[in-house]
Amino acid sequence: MKPSIVLYRSIPANLRERLEQHFTVHAFDSLTPENPVALQQALWQAEGLIGSGGQIDEAFLRQAPKLRAASTISVGYDNFDVDALNAHNVVLMHTPTVLTETVADTLMSLVLATARRVVEVAERVKAGEWQESIGPEWYGVDVHHKTMGILGMGRIGLALAQRAHFGFGMPVLYNARSVHQAAEQRFNARRCDLDTLLAESDFICIVLPLTDETFHMIGREQLAKMKKSGILINAGRGPVVDEAALIEALQNGTIHAAGLDVFEQEPLPVHSPLLNMPNVVALPHIGSATHETRYGMAECAVDNLIAALTGTVKENCVNPQILKTSL
Ligand SMILES: NC(=O)C1=CN([C@@H]2O[C@H](COP(=O)(O)OP(=O)(O)OC[C@H]3O[C@@H](n4cnc5c(N)ncnc54)[C@H](O)[C@@H]3O)[C@@H](O)[C@H]2O)C=CC1
Ligand SMILES: O=C(O)C(=O)CO
C-alpha cells in the first residue's frame, strides 16, 4: 500500500500527479480547511506533509502520530517547531536556492521603488496630477553609489550584494557572526557591527530568518541610529522589525522611508497606519512570487518529500540528524 500524505497547498497538476505515483494524497487548501474533521482523519494516517504556512508544533504533531517527513514549500521554516519535530523523529525539508535570485530581485525593486517613489508618483500620474513639467516635489533620491547595508548575508543576501555591487556601484556593508569570504572577495563587501551598519548605510535590507535572536532585532533604539535619510527594506520576516517602532520612526521622520514585503501580521490589517504613508511601499509577501520560481519551489518540495519518504535525501534537509535515526 502507498504511504498516505497530506497536501495543504494547491500545486500544479503535473506535480500533484508526481506525488500520486508514490503516495495516497489527501489534499486541502490550507491547514484550516472548511472540513477540519476530514483533515484530522487524514493527519492521523499521514506519513508525509507538504504545503506552506500553518503552525507545526507539538500539539499539531500529536494529531499526526505516523508522520515521518514534512516538506515546506518555502526556504523559511520559522513556523515549524524544529525541537518538536526532532522529538517526534520527523524530517523537515525546505526549498533553498531555487528562489534566491527572485527574492534578491524583489529586494532591489523595493530599494528602487522607495528611493524613486515609484508607486506614489505613478499613482499621482493616474490621478491626473501631471499637468505641467515636474518640480522637486516629484523627485526621489539616488540609489547608485549609495551604501547598501545587508542584514542576513546568506544565499539571498549574497545575491543582493551582487546586484548592489555590479549593477549599482554601491559599497556593501554586512553584519554577520563570521566573515563571508565570497561576499568580500567577489563584491567587496565589508563586515561591520550592527551599530556601524545602521549609522553608515543609506539602504538597510533585512533578509534574516526569524529566530529567537532576530525577533525585534530592529526596534526603536536601532531605528534611531539610522541616517535620517535612511531607507529600511524588510523581505526577511515581519517580526524581525518591531513594527510599532517602525511606524513611529516613519511618522517622526527618524527615517526617510520603508519598503516592506513582510509584516508582523499577515495579511497586513487594512487599518495599519503603514497603508496611509506615502513613504511606505507595502507588498503582500511576494518575495518569491513569480510563475517560474513558485513552480520551482513546488517541484523542489515534491521531490524533497519523495526523497524523505523513500530514504534518498541528498540535500535540503533542515534536521539531517533525524535521517540517521528514523529512515
Ligand atoms: N519575502 C519572501 O518572500 C521571502 C523571505 N525569505 C526569508 O529570507 C530568509 C533568508 O533566506 P536565505 O538567504 O535563503 O537563508 P540563509 O540561511 O542562506 O541566510 C540567512 C543568513 O542570516 C544569517 N543570520 C541568522 N541569524 C543572524 C543574526 N542573529 N545576525 C546576523 N546574521 C544572522 C545566517 O547566518 C545566514 O547567513 C528566510 O529564512 C526567510 O525568512 C526567503 C524567501 C522569500
Ligand atoms: O520561502 C520563503 O521563506 C517565503 O517567505 C516565501 O517564498
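Just so it is clear, the model here is predicted, and its values are computed rather than measured.

1. Structural notes on the packing of helix 5 (residues 100-115) against helix 7 (residues 155-168)
Right, on to step 1. It is the contact of helix 5 with helix 7, at a shortest axis distance of 8 Å, that shows an interaxial angle of 55°. Taken as axis vectors, helix 5 and helix 7 run oblique relative to one another. Judged by the twist between their axes, the crossing of helix 5 over helix 7 is right-handed. On helix 7, the residues touching T100, E101, V103, A104, D105, L107, M108 and L112 of helix 5 are R155, I156, A159, L160, Q162, R163 and F168.
Right, on to step 2. A per-class count over the contact of helix 5 with helix 7 returns nine nonpolar, two polar and four charged.

2. Section: the sheet that holds strand 8 (residues 190-191)
Right, on to step 1. Reading across the sheet, the seven strands line up as 8-7-6-9-10-11-12 and stay open at both edges, with parallel pairing between neighbours. Two strands lie at the open edges of the sheet, namely strand 8 and strand 12 (280-282), each paired on one side alone.
Right, on to step 2. In this structure, strand 7 (residues 172-175) lies alongside strand 8, joined through two bridges in parallel fashion. Residue L173 lies in a different strand from strand 8, and its bridge partner there is R190.
Right, on to step 3. The strands that helix 5 touches are strand 6 (148-151), strand 9 (203-206), strand 10 (231-234), strand 11 (257-260) and strand 12; relative to strand 10, the one it contacts most, it runs at about 150°.

3. Some details on the site of ligand 1
Right, on to step 1. As a structural note, the neighbourhood of ligand 1 is formed by 25 residues, with R155, I156, A235, D261 and H285 the closest of them.
Right, on to step 2. A distance of 3.0 Å separates an oxygen atom of ligand 1 from a polar atom in the backbone of I156.
Right, on to step 3. Here an oxygen atom of ligand 1 sits 3.2 Å away from a polar atom, N or O, in the side chain of H285.
Right, on to step 4. The fraction of the free accessible surface of ligand 1 (870 Å²) that becomes covered by protein chains is 85%.

Calculation criteria
Residues numbered from 1 in each chain as written. Chains lettered and ligands numbered in written order. Predicted model: local features only at pLDDT ≥ 70, side-chain atom pairs only at ≥ 80, totals over all residues. Heavy atoms only, no water. Axes fitted to C-alpha atoms, helices over the stretch in contact; angles between N-to-C directions. Helix = DSSP H or I, 4+ residues; strand = E, 2+ residues; numbered from the N terminus. Parallel < 35°, antiparallel > 145°, perpendicular 65-115°, else oblique. Left-handed = near helix turned anticlockwise from the far one by under 90°. Contact = heavy atoms within 4.5 Å. Nonpolar A, V, L, I, M, F, W, Y, C, P; charged D, E, K, R; others polar. Pairing = 2+ DSSP bridges. Near = heavy atom within 4 Å. Polar contact = N/O pair within 3.5 Å; in protein donor to acceptor, adjacent residues only side chain to side chain. Areas by Shrake-Rupley, 256 points an atom, 1.4 Å probe, with all protein chains shown as cover.

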